[in-house]
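# Descriptive structure summary
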Amino acid sequence: MDNPARLPGTHTRAPKTSFRVLVTVAHGTPVEISQLLAQTFMASGFDTTLMSLEDITSLDEYDAVVAGSAVQNGRWIGAAKEFVRDHKRQLRHRMVWLFSSGSTGNTELESKSELSLLNSLADPLEHKLFDSELDLGPDSGVAGVFDRAGCSPDEVRRWALHVGGALSVASSSPAAH
């Protein structure tokens with residue numbers, strides 16, 4: 001990833017909520033999706049960190065995790081599965097969303113056993129599949145180009161707003177403070 005620590009400006013913006021969100025992906029996964037997710041969470045007022053999952057040693061400072069991986073041969077790449085295995089106890093005590101990015105020409109990118117494994121380890125609230133890569137265009141504020149077929153920036157933003165809605169509810173509950 002170009003910026004494995006924090007997104008530019010994260011530390012200078014006062015978040016509307018103290019809810020801390022980690023957006024993380026494995027090397028080899030298109031970073032544009034994770035950048036757009038993180039930007040949307042930041043714009044919604046969440047204290048958001050974007051970091052490569054290979055650089056994470058602990059999840060202690062985060063309330064929620066949005067983790068993703070490229071899909072190769074119908075499966076998450078090894079480093080992403082290792083992250084979920086290594087952090088399964090911490091993930092089970094946080095709000096977790098998973099996403100996959102890839103295109104194999106069919107709608108079932110991941111085997112049922114792969115999904116079962118990820119679900120049993122991370123217990124995610126949702127697992128979103130972003131098909132292919134997308135073209136964010138020059139005015140998106142996100143580096144890189146992605147588009148070949150199915151995923152659009154609007155689809156990523158819609159999912160980020162959906163996740164953000166659940167985060168807003170959780171952050172406003174008395175148990176979150």
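Basis of the calculations
Think of each chain on its own: its residues are numbered from 1, step by step along the sequence as written. Restriction of local features to residues with pLDDT of at least 70 applies here, the model being predicted, together with a cutoff of 80 or more for giving and counting side-chain atom pairs; totals for whole chains, interfaces and linings are based on all residues. Hydrogens and water molecules were not included; the side-chain quantities draw on all heavy atoms of the structure. Take a side-chain nitrogen of Lys or Arg and a carboxyl oxygen of Asp or Glu: if they are within 4 Å of each other, that pair is a salt bridge. The helix count covers DSSP runs of H or I at least four residues long, the strand count covers runs of E at least two residues long, and both are numbered beginning at the N terminus. To sort residues, take the accessible area from a 1.4 Å probe on protein chains only and compare it with the maximum for the residue type: under 20% means buried, over 50% means exposed, and anything in between is partly exposed. We define a nonpolar core as any set of buried Ala, Val, Leu, Ile, Met, Phe, Trp, Tyr and Cys residues linked to one another through side-chain atoms lying within 4.5 Å. Here, residues are in contact when the closest pair of their heavy atoms is within 4.5 Å. To estimate the expected span of a helix, subtract one from its residue number and multiply by 1.5 Å. Regarding the arc, it is the one traced by the directions from the helix axis to the C-beta atoms. Only the stretch in contact is used when fitting a helix axis, every axis being a line fitted to C-alpha atoms; angles between N-to-C directions are given from 0 to 180 degrees. Between 65 and 115 degrees an angle is taken as roughly perpendicular, under 35 as roughly parallel, over 145 as roughly antiparallel, and anywhere else as oblique. A clockwise turn of the near helix away from the far one marks a right-handed crossing, whereas an anticlockwise turn of less than a right angle marks a left-handed crossing. Here the nonpolar group is Ala, Val, Leu, Ile, Met, Phe, Trp, Tyr, Cys and Pro; Asp, Glu, Lys and Arg are the charged ones; every other residue, Gly included, is treated as polar. Within the patch definition used here, like charges are joined within 9 Å and nonpolar side chains (Val, Leu, Ile, Met, Phe, Trp, Tyr) within 5 Å, considering only residues with over 30% relative accessible area and no salt bridge. Accessible surface is estimated by sampling points in the Shrake-Rupley manner with a 1.4 Å probe; for residues, cover comes only from the protein chains shown. Here the positive residues are Lys and Arg and the negative ones are Asp and Glu; neither His nor the chain ends is included. The atom standing in for a charge is NZ when the residue is Lys, CZ when it is Arg, CG when it is Asp and CD when it is Glu. Confidence per residue, as judged by the predictor, is encoded in pLDDT with a range of 0 to 100.

### Brief notes about the pattern of salt bridges
Scanning the entire structure with this criterion turns up 4 salt bridges. Among the ionic pairs, Asp123 bridges to Arg92, the shortest N-O distance being 4.0 Å. Here Asp123 is found in the loop between helix H4 (112-122) and strand E6 (126-131), whereas its partner Arg92 is found in the loop between helix H3 (88-91) and strand E5 (95-102), with 31 residues between them in sequence. With a closest N to O distance of 3.3 Å, Glu155 and Lys128 form a salt bridge. Of this pair, Glu155 sits in helix H5 (residues 153-172) while Lys128 sits in strand E6, and the two are 27 residues apart along the sequence. Residue classification places Glu155 among the buried positions, given a relative accessible area of 17%.

### Focus on the nonpolar core
In this structure, Leu37, Phe41, Val66 and Leu167 are the most contacted members of the largest nonpolar core, which totals 24 residues. For this core, the secondary structure elements donating two or more residues are strand E1 (20-25), helix H1 (31-43), strand E3 (64-72), E5 and H5. Of the residues forming this core, the biggest block, 6 residues, is contributed by H5. If sequence neighbours within four positions are ignored, Leu37 has contacts with Val23, Val66, Phe99, Val156, Trp159 and Ala160. Among the nonpolar cores identified, the runner-up in size contains 21 residues, and Leu53, Val65, Leu91 and Val96 belong to it.

### Let's talk about H5
A turn of α-helix holds 3.6 residues, and therefore any two residues three or four places apart point the same way. In this model H5 runs 28 Å from its N-terminal to its C-terminal C-alpha over 20 residues, within 8% of the 28 Å that 1.5 Å per residue would give. For H5, the full list of buried residues reads Pro153, Glu155, Val156, Trp159, Ala160, Val163, Gly164, Leu167, Ala170 and Ser171. In this fold, the buried residues of H5 make contact with E1, H1, E3, E5 and E6.

### Describing helix H2 (residues 78-86)
Among the residues making up H2, those that are buried are Ala80, Lys81, Phe83 and Val84. When H2 is viewed along its axis, its buried side chains cluster within an angular range of 155 degrees and face the same direction.

### Points about the packing of H1 against H5
Two elements in contact, H1 and H5, have axes whose closest approach is 9 Å; the angle formed by their N-to-C orientations is 45 degrees. With respect to H5, the axis of H1 lies oblique. Crossing handedness for the pair H1 and H5: right-handed. Touching Ile33, Leu36, Leu37, Thr40 and Phe41 of H1 are Pro153, Val156, Arg157, Trp159, Ala160, Leu161, Val163, Gly164 and Leu167, all from H5. Tallied by class, the residues present in the contact of H1 with H5 amount to 11 nonpolar, 2 polar and 1 charged.

### A closer look at a negative patch on the surface
Together, Glu54, Asp55, Glu82 and Asp86 make up a region of like negative charge exposed at the surface. Here Glu54 shows up in the loop between strand E2 (47-52) and E3.

### Description of the environment of Leu59
Locating Leu59 in the fold gives a position in the loop between E2 and E3. Measuring from C-alpha to C-alpha, the distance between Leu59 and His93 comes to 9.9 Å, with 34 residues separating the pair along the chain. The contact partners of Leu59, leaving out residues within four places of it in the chain, are Leu22, Val65, Phe83, His87, Gln90, Leu91 and Arg94.

### Details of the confidence of the model for the protein chain
Where the model shows low pLDDT, its predicted coordinates should not be examined in detail. The predicted model of the protein chain averages 77 in pLDDT, with 72% of residues at 70 or higher. Low pLDDT, under 50, characterises residues 1-14; the stretch is placed with 31 contacts to residues that sit more than four places away or in other chains.

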